[in-house]
Amino acid sequence: MENRDGIADVLKNDIYAQPALVPATPWLNNIKPNKPELKIIQDQKLGQIRLYWQPKGKQNIKSWVVQMKKGDEWTTKIFSESENSYFVNDMQVENIAVSGVSRYGIAGEIAVVDVEKK
């Protein structure tokens, strides 16, 4: 692909810098996933936060959305339904939010944890 006038770079770095979900189709099914169970372990020695989550009960989760807040900025990561952990390599993260998304794109309740500063 030709990168005319740097358009590919602008799209990658500015317009589509954060991952996104496919739009929801609530007319097919609008049942929201439940709030996941969320656990964090802070490892000061390694300088990372270990994040673990799992659905409550039997749910049809297609993906997980993990959002992390540092200062006034949120970053987003999207994981497949089979993934249930993530290592955050930034001890400056203040809040972490996790929610499940159904195969119809319906976002569920959000579990939020405040990261304690040690």
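These figures come from a predicted structure and were not determined experimentally.

**Student:** Tell me about the sheet that holds strand S6 (residues 95–102), residues and numbers included.
**Tutor:** Across the sheet, four strands lie side by side as S4-S3-S6-S7; this open sheet has antiparallel pairing. Strand pairing shows two members of the sheet lacking a second neighbour, strand S4 (73–80) and strand S7 (111–114), which therefore form its edges. When the angles between neighbouring strand axes are averaged without regard to direction, this sheet yields 20 degrees. Pairing analysis gives eight bridges linking strand S3 (residues 61–70) to S4, with the strands arranged antiparallel. Each bridged residue has a counterpart across the sheet, and for Val-65 the counterpart in S4 is Ile-78.

**Student:** I'd love a proper account of the layout of surface pockets, names of residues and values included.
**Tutor:** Of the pockets and cavities examined, the largest pocket occupies roughly 170 Å³. Lining the largest pocket are Asn-29, Ile-31, Lys-32, Pro-33, Gln-59, Asn-60, Ser-102, Arg-103 and Tyr-104. The class makeup of the residues in the lining of the largest pocket is three nonpolar, four polar and two charged.

**Student:** Tell me about unusual backbone geometry, and name the residues and values.
**Tutor:** Most peptide bonds take the trans configuration, and most residues that are not glycine carry a negative phi. Here the phi dihedral of Asp-5 falls at roughly 50 degrees; this positive angle occurs in a residue that is not glycine. By secondary structure assignment, the location of Asp-5 is in the segment before helix H1 (7–15). Its relative accessible area of 83% is what places Asp-5 among the exposed residues.

**Student:** If you had to explain the sheet that holds strand S2 (residues 48–54) to someone new, which residues and values would you point to?
**Tutor:** The strand order across the open sheet formed by three strands is S1-S2-S5, and the pairing between neighbours is antiparallel. On the outer flanks of this sheet lie strand S1 (37–43) and strand S5 (85–88), each paired with one strand and no other. Direction aside, neighbouring strands of the sheet carry axes that sit 15 degrees apart on average. Bridge count between S2 and S5: four bridges; the pairing is antiparallel.

Criteria and cut-off values
- Residues numbered from 1 in each chain as written.
- Predicted model: local features only at pLDDT ≥ 70, side-chain atom pairs only at ≥ 80, totals over all residues.
- Heavy atoms only, no water.
- Pairing = 2+ DSSP bridges.
- Helix = DSSP H or I, 4+ residues; strand = E, 2+ residues; numbered from the N terminus.
- Axes fitted to C-alpha atoms, helices over the stretch in contact; angles between N-to-C directions.
- 1 Å grid on protein atoms, 1.4 Å probe; cavity = no way out; pocket = protein on both sides within 12 Å on 5 of 7 lines; lining within 4 Å.
- Points joined across faces, edges and corners; volume = space filled by probe spheres on them.
- Nonpolar A, V, L, I, M, F, W, Y, C, P; charged D, E, K, R; others polar.
- Buried < 20%, exposed > 50% of the residue type's maximum accessible area, 1.4 Å probe, protein only.

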